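Fold and contact review
Chain by chain, the residues:
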Amino acid sequence: MSVLSTVAALTASRTGRAEPLTTVRHQHLDEKPFVLVPLTLAGETCAPLAALAGTDPEHPTLLTVRQPRNRAERFRFAERLAALLLAYIEGCRTETEPYTAGRGKEKEERLRFQRAPQLLLPNGEGIAYVRLLGRLTRLRATEGPYAVDPSVPALGKWLTWFAELAEFPNSGVLLAMTRLLAAHWATGQSPSEDSHLASLLAWIDPPEGSDGARVAREAEDPAVWPPAGPSTDPVFDRTLHELMTRYDEASDDRGREAVGRQIDRELSGQMLPTWRLMWRGVELLRDLPEGAHVPGRWALDRRWFSEYAEYLDADGRPQARRDQAVRAARRLARLEDAVARYEAERAYDDPLVMAEYELTGEAFTGTVTARDEDRFVPGDRPGSQVWRPTITLRTSTDTRVGLAVGTEVKSPARPGQGARILDIRQEDDGSHVVVLQLKGGFARKQKPPAPAGTLAETGEELTYTTLNPTAMPSALPDEENTPWTHGGPPQPYEPTDEDAEETWE
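Residues numbered from 1 in each chain as written. Predicted model: local features only at pLDDT ≥ 70, side-chain atom pairs only at ≥ 80, totals over all residues. Heavy atoms only, no water.

**Some remarks on the packing of helix 3 (residues 124–137) against helix 4 (residues 151–166)**
The line we're drawing: Each axis is a line fitted through C-alpha atoms, and for a helix only the stretch in contact is used; angles between axes span 0 to 180 degrees, taken between their N-to-C directions. To qualify as a helix, a DSSP run of H or I must reach at least 4 residues; to qualify as a strand, a run of E must reach at least 2; elements of each kind are numbered from the N terminus. Any angle that falls under 35 degrees is termed roughly parallel, while one over 145 is termed roughly antiparallel, one within 65 to 115 roughly perpendicular, and all others oblique. Two helices crossing with the near one rotated counterclockwise from the far one by less than a right angle form a left-handed crossing, whereas a clockwise rotation gives a right-handed crossing. Residues are treated as being in contact if the distance between any of their heavy atoms lies within 4.5 Å. Residues were grouped as follows: Ala, Val, Leu, Ile, Met, Phe, Trp, Tyr, Cys and Pro as nonpolar; Asp, Glu, Lys and Arg as charged; and all remaining residues, including Gly, as polar.
Interaxial distance between helix 3 and helix 4 falls to 7 Å at its minimum, and their mutual angle equals 140 degrees. Our classification of the angle between helix 3 and helix 4 gives oblique. When you trace helix 3 past helix 4, the crossing you get is left-handed. Each of Ile 127, Val 130, Arg 131, Leu 133, Gly 134, Arg 135 and Thr 137 in helix 3 lies in contact with helix 4, whose residues at this interface are Val 152, Pro 153, Gly 156, Leu 159, Thr 160, Ala 163 and Ala 166. Residues belonging to the contact of helix 3 with helix 4 are distributed by class as follows: eight nonpolar, four polar and two charged.

Here is the structure:
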């Protein structure tokens, strides 16, 4: 937890209401996200019990498994969920738009869908459930013994795709509502308590005239606010066990159906409060303005969606049970790059986030007091001169500049213009005077005068930081060029009969 987050949490604790951690929303929210509230059977990690699903806040679709220990009923649940989710995904594959991929000679024009699916779950445990459900359904056989409907492995492939992207902070295709809200507001409770959706929303959006802390304590009563899942409340488990026993022991179909409808009502009652909280969370997040880099990240999601949909159309093989070494290394490199890029973009979009880096000395803000527009320095070639203007910033008396002379920095105000710290001097009043040499960002001009707006004016306030959202990712060789010392190019994954026999637990 950063210093600012700690201060915000202490303030929330004093006032009884959540404090904002950001000034903008850092995740894309689709006009019609697919909300899924799942429940599993107690004692069995991935045995589906029920779910509320859909894109309409007023009309969720109820899916239940009246006897989760029955394998056939589990797969009927998967079929019904597939019918909903695959139709939603297909609805995103309508209109396309062109975009340019690659750079230099490798640049090419491609098409991507204008929409991508977005799946919202109540919490991180829900994402873990999606990952496990995807693993247990994508490899199922559609022929032979224990064959399943073709929609079941199709569902598993897409759930696995969602779950894999959920690890990337710059992706918004699969999000947990508690993580989303906690990233934008600080409450007066612990991070583990923030994983309780009802309690978290009580701090952020307490009823009029009420105190968030008190409402949060009331929200911990499972009789009023049942758990957001996938695990259920132990008291409810006993009720459910009694109903399932009556369901199994019913003497005829009519009696079994009557008990089944009672099970459906009980399960719906457990999930409806969470369903409503999910959409309230969506409303609160939509009230925040979208960060400047959010559309770019969503465009990348749409590109990934388009590429995976194209892959399934052309090939259709499911993701392997385990990544091969080369692919695992490439995935780790992508993940590290995504984390660094996402953190930099958040700071560039949001002064509250940038303030955290100013406190740690990785960024500083000052007012331009002087500039040298006509400055030239010796170039690489003998006798040559290159244009390198400078600006001088003076910070406030309480600003700490933790960067060294020679550090390369950038400003969110002019992200295409690099700068290097030439000198840092501390004044008697505690302020700092920083001299910066500028490079690029002058509309391709090689000599003064600088085009209007490209060189900071005297009196302008600027922030400089070592964060760089446009830094190039680490380069790795193509898969086909993997050296033999590392096993050579990885072989395409081929599902086996053993994969299809993986147990559902």
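Having seen the structure, we can now continue with the description.
**With respect to helix 7 (residues 197–204)**
Operational definition: The classification of residues rests on relative accessible area computed with a 1.4 Å probe and restricted to protein chains. Under 20% of the type maximum is buried, over 50% is exposed, and intermediate values are partly exposed.
Along helix 7, eight of the eight residues are buried, which leaves the element largely enclosed by surrounding structure. On its buried face, helix 7 sits against helix 1 (3–15), helix 5 (177–184), strand 9 (185–186), helix 6 (191–194), helix 8 (212–219) and helix 10 (253–286).

**Looking at the layout of surface pockets**
Threshold: Note on definitions: the grid is 1 Å and covers protein atoms alone; a cavity is a set of points where a 1.4 Å probe fits but cannot get out; a pocket is an open set with protein on both sides within 12 Å along at least five of seven lines; lining residues have an atom within 4 Å of a point. Grid points are joined across faces, edges and corners, and a volume is the space filled by probe spheres set on the points.
The space that makes up the second largest pocket amounts to roughly 410 Å³. In terms of lining, the second largest pocket is formed by 16 residues, of which the most central are Gln 27, Pro 169, Arg 179, Ala 183 and Tyr 342. Mapped onto the lining of the second largest pocket, the elements with two or more residues apiece are strand 8 (174–176), helix 5 and helix 12 (325–349). Along the lines of polarity and charge, the residues of the lining of the second largest pocket split into ten nonpolar, three polar and three charged.

**Describing the sheet that holds strand 7 (residues 119–121)**
Just so we agree on the cut-off: What makes two strands pair is DSSP finding at least two bridges between them.
Strand order across the open sheet formed by five strands is 4-3-2-7-8, with mixed pairing between neighbours. Only two strands of the sheet have a single partner each, and these edge strands are strand 4 (61–64) and strand 8. Each strand of the sheet is rotated relative to its neighbour by a mean of 20 degrees, with strand direction disregarded. Sheet topology places strand 2 (residues 34–40) next to strand 7; two bridges connect them, and they run parallel. Pairing of Val 35 across the sheet is with Leu 120, part of strand 7. Strand contacts of helix 2 (residues 71–92): strand 2, strand 3 (48–54) and strand 4, with the helix running at about 155 degrees to strand 4, the strand carrying the most contacts. In the packing of helix 3 onto the sheet, the strands contacted are strand 2, strand 3, strand 7 and strand 8, and the crossing angle to strand 8 comes to about 145 degrees.

**Let's talk about the pattern of salt bridges**
Test applied: Counted as salt bridges are all cases of a side-chain nitrogen of Lys or Arg within 4 Å of a carboxyl oxygen of Asp or Glu.
Considering all chains together, one arrives at 30 salt bridges under this definition. Here Glu 257 makes a salt bridge to Arg 66, at a shortest N to O gap of 3.1 Å. On the criterion of sequence distance, the pair formed by Glu 257 in helix 10 and Arg 66 in the loop between strand 4 and helix 2 is long-range, its members being 191 residues apart. Residue classification places Glu 257 among the partly exposed positions, given a relative accessible area of 34%. Between Glu 257 and Arg 261 there is a salt bridge, with its nearest N and O atoms 3.7 Å apart. One end of the pair, Glu 257, and the other, Arg 261, are both in helix 10, four residues apart, so they sit about a helical turn from each other. By relative accessible area, Arg 261 is classed as partly exposed at 43%. Ionic contacts of the salt-bridge type, sharing partners, join the residues Arg 394, Asp 423, Arg 425, Glu 427 and Asp 429 into one network.

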